[in-house]
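What the coordinates show
Spelled out from the first residue to the last, the chains are:
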Amino acid sequence: RDAAQIALERAIRDVADQGYAVVADAGAANATHLGALRDALVARLADAAPCATPFGNPEVGCNVSMESGVGDAHVSYRLWGLLEDDALAALVAPLLRLPLVRALAQSRLGADYQLHGCTAYVATPSARPNVLHFDFADQDPAWRRAAAAGSDGGTGDHLAVMLQLQDTTAENGATLVVPGSHRWAARDPPFLPPGQNRDVAALRALPGAPPIAEPLPVAVPRGGLLLFDGATLHATGAFPGAAADIGDYRYALVLHLAAQRATKHRLATPIGRAYLRGHARLDLEVSVDGATDVIAFHEDDDLEAIAAAFVDSYDGAASLQPRAAAVDAVLEAMTNKVATAAGRGGGKI
């Protein structure tokens, strides 16, 4: 086994056991120019005023949003539309294809996993941590419980990948994680706290609470990855420094990857729609047996796996004969959609 395989196996084990993993070198520095990427994000934040919505919308020119209210003791920014900016896309796109990320996502989410978000997260000097929270659909306790059935941490429906663009420690707001929290929903009986939680003391006071570790600041070197399950309780840490220049803030590229089964749920929520809309995503209407459904995908996803999963999971799949022809038809429609989008300069990376 080479070093890359050993790192992958360790990451798979750590995410399954603890809910998160750190990979100091996944090849990011060889895939893109990290300094140029960070400089471009600093420039984007400097040039754009935050829009007055909780989530960005590049379609109307909103490429920066503030994730904490004005005057709050914790302030952070989210930068959107990275794959719709040619200069940024050239720096970001290679990171979508890192072999370790793809292999880990396939292991946890399935071969038909999808890219559901590609944003940058900027942490500023803040007196307190962000609120502890689960991600996306996992903020819903019922969803968390259903997704945990038969898993006990070995698989999930959502994976976050944070590429740190500077050395990141507790001194500059390293992400806090609660180890093992991704297994709470699989307990018997399950422990299903709210989607957002201000402090661990309140969690420990809830009925049926298991032993809960203190949130752990996760140090990651420049160019390293922090990977965590969507059902892992986490938050941005306090940033006790006094950095006055935006170049001294903490910058991370964040990929949100999701299992096919989570797609429709995410499309039905404001935060899910915002992230799906926030990068170069394609939507395709597919008609099957007179009914129309929608597949949301990115051209860098595994289109063949997504087409197969769509056919196999569709309520009328029993009447789709032969299966191979149905998969080929869906795949052809997706491929044509990619080609059409590329031809008009949209939907490309």
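Residues numbered from 1 in each chain as written. Predicted model: local features only at pLDDT ≥ 70, side-chain atom pairs only at ≥ 80, totals over all residues. Heavy atoms only, no water.

Regarding unusual backbone geometry
In terms of backbone geometry, most residues other than glycine have negative phi values and most peptide bonds are trans. That bond from Asp188 to Pro189 is cis: its omega, 0 degrees, falls within 30 degrees of zero. For Pro189, the location among the structural elements is in the loop between strand E7 (175–177) and strand E8 (196–197). (Helix = DSSP H or I, 4+ residues; strand = E, 2+ residues; numbered from the N terminus.)

Remarks on the nonpolar core
In this structure, Leu41, Leu79, Leu225 and Leu257 are the most contacted members of the largest nonpolar core, which totals 47 residues. In contact with Leu41, other than residues within four places in its own chain, are Leu79, Leu82, Leu88, Ala120, Leu165 and Tyr251. Counting residues in hydrophobic clusters, the runner-up holds 17 residues, among them Ile295, Ala308, Phe310 and Ala341. (Core = buried A, V, L, I, M, F, W, Y, C linked by side-chain atoms within 4.5 Å. Buried < 20%, exposed > 50% of the residue type's maximum accessible area, 1.4 Å probe, protein only. Contact = heavy atoms within 4.5 Å.)

Topic: empty space enclosed by the protein
By the definition in use, this model includes 4 cavities of 30 Å³ or more. Its boundaries defined by the atoms lining it, the largest cavity holds a volume of some 120 Å³. At 3 residues, helix H6 (residues 141–148) tops the list of elements feeding residues into the lining of the largest cavity. In the lining of the largest cavity, the residues fall into 4 nonpolar, 5 polar and 6 charged. (1 Å grid on protein atoms, 1.4 Å probe; cavity = no way out; pocket = protein on both sides within 12 Å on 5 of 7 lines; lining within 4 Å. Points joined across faces, edges and corners; volume = space filled by probe spheres on them. Nonpolar A, V, L, I, M, F, W, Y, C, P; charged D, E, K, R; others polar.)

Considerations on the state of the cysteines
As used here, a disulfide is simply a covalent bond connecting the sulfur atoms of two cysteines. Overall, the coordinates contain 1 disulfide when judged by the stated rule. Disulfide pairing places Cys51 opposite Cys62 at an S-S distance of 1.7 Å. With Cys51 in the loop between helix H3 (34–47) and strand E2 (64–66) and Cys62 in the loop between H3 and E2, the pair connects residues that are 11 residues apart, well separated along the chain. On the accessibility criterion, Cys62 (6% relative accessible area) is buried. (Disulfide = S-S within 2.5 Å.)

Things to note about H3
With 14 residues, H3 should reach 20 Å at 1.5 Å per residue; the first-to-last C-alpha distance of 20 Å fits that figure. Along H3, the residues classified as buried are Leu34, Leu37, Arg38, Leu41, Val42, Arg44 and Leu45. Buried positions in H3, seen along its axis, are confined to an arc of 160 degrees and lie on one side of it. Exposed side of H3, more than 90 degrees from the buried face: Asp39, Ala46 and Asp47 are the residues found there. (Expected span 1.5 Å × (residues − 1). Arc of directions from axis to C-beta.)

Looking at the packing of aromatic side chains
As enumerated under the stated definition, the model contains 1 aromatic pair in all. Note on Trp184 and Phe191: the rings are 5.2 Å apart at their centroids and 70 degrees apart in plane angle, and the pair reads as edge-to-face. (Phe/Tyr/Trp six-rings, centres within 6.5 Å; stacked < 30°, edge-to-face > 60°.)

With respect to the environment of Leu331
Along the polypeptide, Leu331 turns up in helix H11 (residues 323–343). In the structure, Leu331 is positioned 26 residues away from Ala305 in sequence and 9.0 Å away in space, judged by C-alpha atoms. Each residue touching Leu331, except ones within four places of it in the same chain, is listed here: Leu303, Glu304 and Ala307.

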